[in-house]
Amino acid sequence: MVPGTSDPDVPVADEVLSALRSAAANGTRIASVCSGAFVLAATGLLDSGRATTHWAAAPLLAARYPAVDVDADVLYVDNGGVLTSAGAVAALDLCLHMIRTDHGSAVAADAARLSVMPLEREGGQAQFIVHPTPPAPAWAVLEPLLAWMEQNAHRELPLEELAARAGTSPRTLNRRFREQTGTTPLKWLHRARVRRAQHLLETTAYSVERIAAQAGFGSPTVFRERFRRVVGTSPHAYRRAFRGPAVQRP
């Protein structure tokens, strides 16, 4: 992990550049935090590829290293062996992405909860979006309801039923959801279903049609559209990238 630099105008030491080039040549995965992209750009490792950095520093990075395709509109960019992130908080998104790539969605979700990560961030990721369960405080009134929704996301859950289970009115439930999760019950439920679908894509050889049904989507078409909107890619492409060697057969 290459940390950010407080002054991109300061030349990078030859020893640092040499060490990074050697590491890359040996197959080491290298990632930068925020303005650390300037250090990677100085090595030439970002040439002819896409990269990102903090939006305020992006114009300078693009001007100084024209061979780098600077994208200031994303949280991180994964080019395989070399990864770059935007601001410091975006580096946490990048770390979760790497955990997910190496160990799957369940481990990434656990890491997010243990780290008390911020709520899910919409879009902007370069390739695949990590969507762990939005953390709620241990004392949160909604915690039992969220766990129940996660377990029952495969079936229809109208707002009235959720409100009744929480012992409140639909209007109050909507307000509490926004206060404690930063989103609405319906959006939270959509994300829970997508998380379930991601797990099935990673761990089984089930067809898209079967996964759509088990995850609670009305049809394969709705599933594909919702999955692409949330994750940023198709279910088939996601499976190719993240399915482990041992999968459950139909």
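Residues numbered from 1 in each chain as written. Predicted model: local features only at pLDDT ≥ 70, side-chain atom pairs only at ≥ 80, totals over all residues. Heavy atoms only, no water.

**A few points about the overall build of the protein chain**
When you go through the protein chain residue by residue, the secondary structure sums to 12 helices and five strands. Taken across its 250 residues, the protein chain has 46% of its residues classed as buried. Counted over contacts in the protein chain with a minimum sequence separation of 6, partners at least 24 positions apart contribute 58%. A total of about 12,500 Å² of accessible surface is found on the protein chain, and carbon and sulfur atoms cover 54% of it. (Helix = DSSP H or I, 4+ residues; strand = E, 2+ residues; numbered from the N terminus. Buried < 20%, exposed > 50% of the residue type's maximum accessible area, 1.4 Å probe, protein only. Contact = heavy atoms within 4.5 Å. Areas by Shrake-Rupley, 256 points an atom, 1.4 Å probe, with all protein chains shown as cover.)

**Observations regarding the packing of aromatic side chains**
Throughout the structure, instances matching the rule amount to three aromatic pairs. For the ring pair Phe223 and Phe227, a centre distance of 5.6 Å and an interplane angle of 65° mean the geometry is edge-to-face. Of this pair, Phe223 and Phe227 both sit in helix 11 (residues 220-231), separated by four residues, roughly a single helical turn. The exposure class of Phe223 is buried, given its relative accessible area of 0%. (Phe/Tyr/Trp six-rings, centres within 6.5 Å; stacked < 30°, edge-to-face > 60°.)

**Section: the nonpolar core**
Of all hydrophobic cores here, the largest spans 16 residues; its most connected members are Ile211, Phe223 and Phe227. By size, the runner-up hydrophobic cluster in this structure holds 15 residues, among which are Val39, Leu40, Leu61 and Val68. (Core = buried A, V, L, I, M, F, W, Y, C linked by side-chain atoms within 4.5 Å.)

**Some details on helix 10 (residues 208-215)**
Considered for burial, the residues of helix 10 that qualify are Val208, Ile211, Ala212 and Ala215. Down the axis of helix 10, the buried set is contained in an arc of 105°. They therefore lie on one face. On its buried side, helix 10 packs onto helix 9 (185-203), helix 11 and helix 12 (235-242). Following helix 10 by one or two positions, Gly216 adopts a phi angle in the positive range, close to 100°. (Arc of directions from axis to C-beta.)

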